[in-house]
Amino acid sequence: MSFIELMQQRYTTKKYNPTEKISSEKIEQLKQILQLSPSSINSQPWKFIFVENQELKAQLAEVSRHNTERVLQCSHLVVFNVVNNLEFFEKQISENLPEGAVNYYKTYLKPRPEEEIKSWMKNQIYISLGVFLTACTSMEIDATPMEGIENEKYTEILGLENHFTTFAVCIGKRDVEDSNQPKFNPKRRVAMEKIITEIK
Ligand SMILES: Cc1cc2nc3c(=O)[nH]c(=O)nc-3n(C[C@H](O)[C@H](O)[C@H](O)COP(=O)(O)O)c2cc1C
């Protein structure tokens, strides 16, 4: 399938078949894909948690607003968490990044208000979401990105100390009757000429 066909066919899955599990080989590949996601100065201000355990999934489902059913029925729930402790982040980059990148952070980012630094870090984790959703599609894995969750409660349930849950993604196999599939619910997008300008 061509890349454009993959993008036309991917969609936000609303209903899963709970009997179909994603293989452990594919899960291992998805972990590597997340590790390889690009980020500004290679900052990697994230932690990804793969939840297969049904009890923990049920606990998280309760604090997933309108997404409860999908969290319960998907194969795995992947939780995307961003660093929320700047001291922890600075230690992580000083241990992992070359001097040039650390100096860039110290010169251009560290002097900014904490809220701005955190917002910059949040931008990075959304890049990993794009990479992840695209990878899922190419691996024939269905997915549901979800901001509609109670972030504080996720953070608490997962016992995170230096990170904060930003969003989560259900992955699995669709219910064959899922009404959100493009064949039942064609994709809606703003007209190309309104969102893309080409200057030759
Ligand atoms: C960051 C983000 C958060 C989203 N949150 C939810 C959500 O909580 N629940 C849900 O059912 N869909 C959620 N969506 C799915 C969007 O509504 C969907 O991507 C959009 O309508 C386009 O449809 P498509 O993904 O099927 O092409 C989210 C999508 C993104 C990218």
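Residues numbered from 1 in each chain as written. Predicted model: local features only at pLDDT ≥ 70, side-chain atom pairs only at ≥ 80, totals over all residues. Heavy atoms only, no water.

Draft legend 1. How the structure looks around the UniProt feature "domain: Nitroreductase" (unreviewed entry) in the protein chain. Under the UniProt annotation, the feature "domain: Nitroreductase" (unreviewed entry) is placed at residues 8–173. Regarding residues 8–173, the helix share stands at 49% and the strand share at 17%, and the terminal C-alpha atoms are separated by 17 Å. (UniProt positions renumbered as here; feature names shortened; annotations may be inferred. Helix = DSSP H or I, 4+ residues; strand = E, 2+ residues; numbered from the N terminus.)

Draft legend 2. Up close: the packing of aromatic side chains. One pass over the structure, following the stated rule, counts 9 aromatic pairs. Look at Phe48 and Phe80: their rings are 5.2 Å apart centre to centre, the planes differ by 80 degrees, and that puts the pair in the edge-to-face class. Taken together, the residues Phe48 in strand β1 (residues 46–51) and Phe80 in strand β2 (residues 76–83) connect sequence positions 32 residues apart. A ring pair is formed by Phe80 and Phe132, whose centres lie 5.5 Å apart and whose planes are at 80 degrees; its orientation type is edge-to-face. Note that Phe80 is positioned in strand β2 and Phe132 in helix α7 (residues 114–138), a separation of 52 residues in sequence. The residues Phe80 and Phe132 share a single accessibility class, namely buried. (Phe/Tyr/Trp six-rings, centres within 6.5 Å; stacked < 30°, edge-to-face > 60°. Buried < 20%, exposed > 50% of the residue type's maximum accessible area, 1.4 Å probe, protein only.)

Draft legend 3. Spotlight on the pairing of strand β3 (residues 142–146). Of all 5 residues making up β3, 4 are buried, and the element is well covered by its neighbours. In this structure, β3 lies alongside strand β4 (residues 163–172), joined through 5 bridges in antiparallel fashion. When the sheet's bridge partners are listed, Pro145 is paired in β4 with Val169. (Pairing = 2+ DSSP bridges.)

Draft legend 4. Layout of the side chain of Gln181. Along the chain, Gln181 turns up in the loop between β4 and α9 (192–195). Within the structure, Gln181 has its side chain in polar contact with the backbone oxygen of Val176 (distance 3.0 Å). Once you skip the residues sitting within four places of it in the chain, Gln181 turns out to touch Tyr11, Arg174, Asp175 and Val176. (Polar contact = N/O pair within 3.5 Å; in protein donor to acceptor, adjacent residues only side chain to side chain. Contact = heavy atoms within 4.5 Å.)

Draft legend 5. The sheet that holds β1, seen in detail. Pairing is antiparallel across the open sheet formed by 4 strands, whose spatial order is β1-β2-β4-β3. Looking at strand neighbours, the two that pair on one side only are β1 and β3, the edges of this open sheet. Here the average twist between neighbouring strands, direction ignored, is 20 degrees. In the sheet, β1 pairs with β2 via 6 bridges, with the strands oriented antiparallel. When the bridges of β2 are listed, Trp46 appears paired with Val82. (Axes fitted to C-alpha atoms, helices over the stretch in contact; angles between N-to-C directions.)

Draft legend 6. Inspection of the environment of Gln35 at higher detail. Examined against the element boundaries, Gln35 turns out to sit in helix α2 (residues 24–35). Note on Gln35: relative accessible area 57%, which makes it exposed. On a C-alpha basis, the gap between Gln35 and Phe48 in space is 9.1 Å, while along the polypeptide they are 13 residues apart.

Draft legend 7. Representation of the pattern of salt bridges within the structure. Tallied over the full model, the rule gives 8 salt bridges. The partner of Asp175 in a salt bridge is Lys15, and the shortest N-O contact between them spans 3.3 Å. Residue Asp175 is located in the loop between β4 and α9, and its partner Lys15 is located in the loop between α1 (3–9) and α2; the two are separated by 160 residues in the primary sequence. In this structure Asp175 comes out as buried when scored by relative accessible area, which is 18%. According to the relative accessible area criterion, Lys15 is partly exposed, its value standing at 43%. Salt-bridge contacts for Glu114 lead to Lys118; the nearest nitrogen and oxygen are separated by 3.0 Å. One end of the pair is Glu114 and the other is Lys118, both in helix α7 and 4 residues apart, which spans about a single turn. (Salt bridge = Lys/Arg side-chain N within 4 Å of Asp/Glu carboxyl O.)

Draft legend 8. Layout of the layout of surface pockets. Roughly 350 Å³ of volume is contained in the largest pocket. Lining the largest pocket are 19 residues, with Gln9, Thr137, Glu140, Asp142 and Arg174 positioned closest to its centre. Only α1, α7 and β3 provide two or more residues apiece to the lining of the largest pocket. Ranked by residues supplied to the lining of the largest pocket, first place goes to α7 with 4 residues. The space that makes up the second largest pocket amounts to roughly 280 Å³. (1 Å grid on protein atoms, 1.4 Å probe; cavity = no way out; pocket = protein on both sides within 12 Å on 5 of 7 lines; lining within 4 Å. Points joined across faces, edges and corners; volume = space filled by probe spheres on them.)

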